[in-house]
Amino acid sequence: MKFVDDLYEMYKNHLTGDEEDAYIIVDGILQEISKEDIRKLINELSDNERFEMFGMYLYETFRLKVAQEGVGETLNEDDQGKGYIH
């Protein structure tokens, strides 16, 4: 995506390699960008880029939901040998 390429070129000499860099930059951009600008950027994406963007959104949203709900922290009957009487 050209927008991301341009953003990277603008900030590449200020990056530390920490994941936090991307969050701070993207958060700053989102604070300043209008809904119309967002729509325009999305419309400029190829079908594949839109699919990847939506896929990443779904993945992250689902991952956060799983973390919030604590899935994997409870014992189920099929957790053989972990509190289940055979």
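Above this note sits the structure.
Fair warning: this is a prediction, and the values are worked out from it, not measured in the lab. By convention here, each chain's residues receive numbers from 1 onward along its written sequence. Per-residue local features are limited, in this predicted model, to residues with pLDDT of at least 70; the limit for side-chain atom pairs, both in listing and counting, is 80 or more; totals at the level of whole chains, interfaces and linings are taken over all residues. Only heavy atoms go into the side-chain values, all of them from the structure, while hydrogens and water stay out.

What to know about the overall build of the protein chain
Check the secondary structure of the protein chain and you find 4 helices and 0 strands. Note on conventions: DSSP H or I runs of at least 4 residues are helices, E runs of at least 2 residues are strands, and numbering of each starts at the N terminus. Each helix and strand of the protein chain, ordered N terminal to C terminal, gives the series α-α-α-α. For each residue, the accessible area found with a 1.4 Å probe, counting protein chains only, is set against the maximum for its type, and the residue is called buried under 20%, exposed over 50%, and partly exposed in between. Counting all 86 residues of the protein chain, 8% fall into the buried class. Here the protein chain displays about 8000 Å² of accessible surface, and carbon together with sulfur accounts for 56% of that area. All accessible areas in this document rest on Shrake-Rupley with a 1.4 Å probe, and a residue is counted as covered only by the protein chains that are shown.

A short note on the packing of aromatic side chains
Between 30 and 60 degrees the pair is tilted, below 30 it is stacked and above 60 it is edge-to-face, where a pair is any two Phe, Tyr or Trp rings, Trp via its six-membered ring, whose centres lie within 6.5 Å. Within this structure, the stated rule accounts for 1 aromatic pair. Ring geometry for F54 versus Y57: centroids 6.2 Å apart, planes at 25°, classification stacked. Here F54 and its partner Y57 are both found in helix α4 (residues 47-69), 3 residues apart, which amounts to about one turn of the helix.

Describing the pattern of salt bridges
Where charged atoms of side chains with opposite charge meet at close range, the side chains can pair. A pairing counts as a salt bridge when a side-chain nitrogen of Lys or Arg comes within 4 Å of a carboxyl oxygen of Asp or Glu. Per the stated rule, a full pass over the model turns up 6 salt bridges. Between E69 and K65 there is a salt bridge whose closest N-O contact spans 3.2 Å. Of this pair, E69 and K65 both sit in helix α4, separated by 4 residues, roughly a single helical turn.

A few points about the environment of M1
Note on placement: M1 falls in the segment before α1 (2-11). With relative accessibility at 35%, the residue M1 sits in the partly exposed group. Spatially, the C-alpha atom of M1 lies 6.9 Å from that of L45, the residues being 44 residues apart in sequence.

A look at α4
Helix span, as expected, comes to 1.5 Å for every residue beyond the first. With 23 residues, α4 ought to run about 33 Å at 1.5 Å a step, and its terminal C-alpha atoms sit 33 Å apart, in line with that. Just downstream of α4 lies G70, where phi reads positive at about 75°.

Overview of helix α2 (residues 19-32)
Taking 1.5 Å of rise per residue, the 14 residues of α2 would be expected to cover 20 Å, and the 21 Å separating its terminal C-alpha atoms lies within 8% of that figure. Polar contact is the term for a pair of N or O atoms within 3.5 Å; when the atoms are in protein, one must be able to donate a hydrogen and the other to accept it, and sequence-neighboring residues count only if both atoms are side-chain atoms. Of the residues flanking the start of α2, the one acting as N-cap is D18, its side-chain oxygen 2.9 Å from the backbone nitrogen of E20.

Re the side chain of D21
Relative to the helices and strands, D21 resides in helix α2. Note that His is not counted, nor are the chain ends; the positive residues are Lys and Arg, and the negative ones are Asp and Glu. No salt bridge is formed by the buried D21; its nearest oppositely charged neighbour, K12, is found at 14 Å. Within the structure, D21 has its side chain in polar contact with the backbone nitrogen of G17 (distance 3.1 Å). Leave out the neighbours within four places in its chain, and D21 touches L15 and T16. In this description, contact between two residues means that some pair of their heavy atoms is separated by no more than 4.5 Å.

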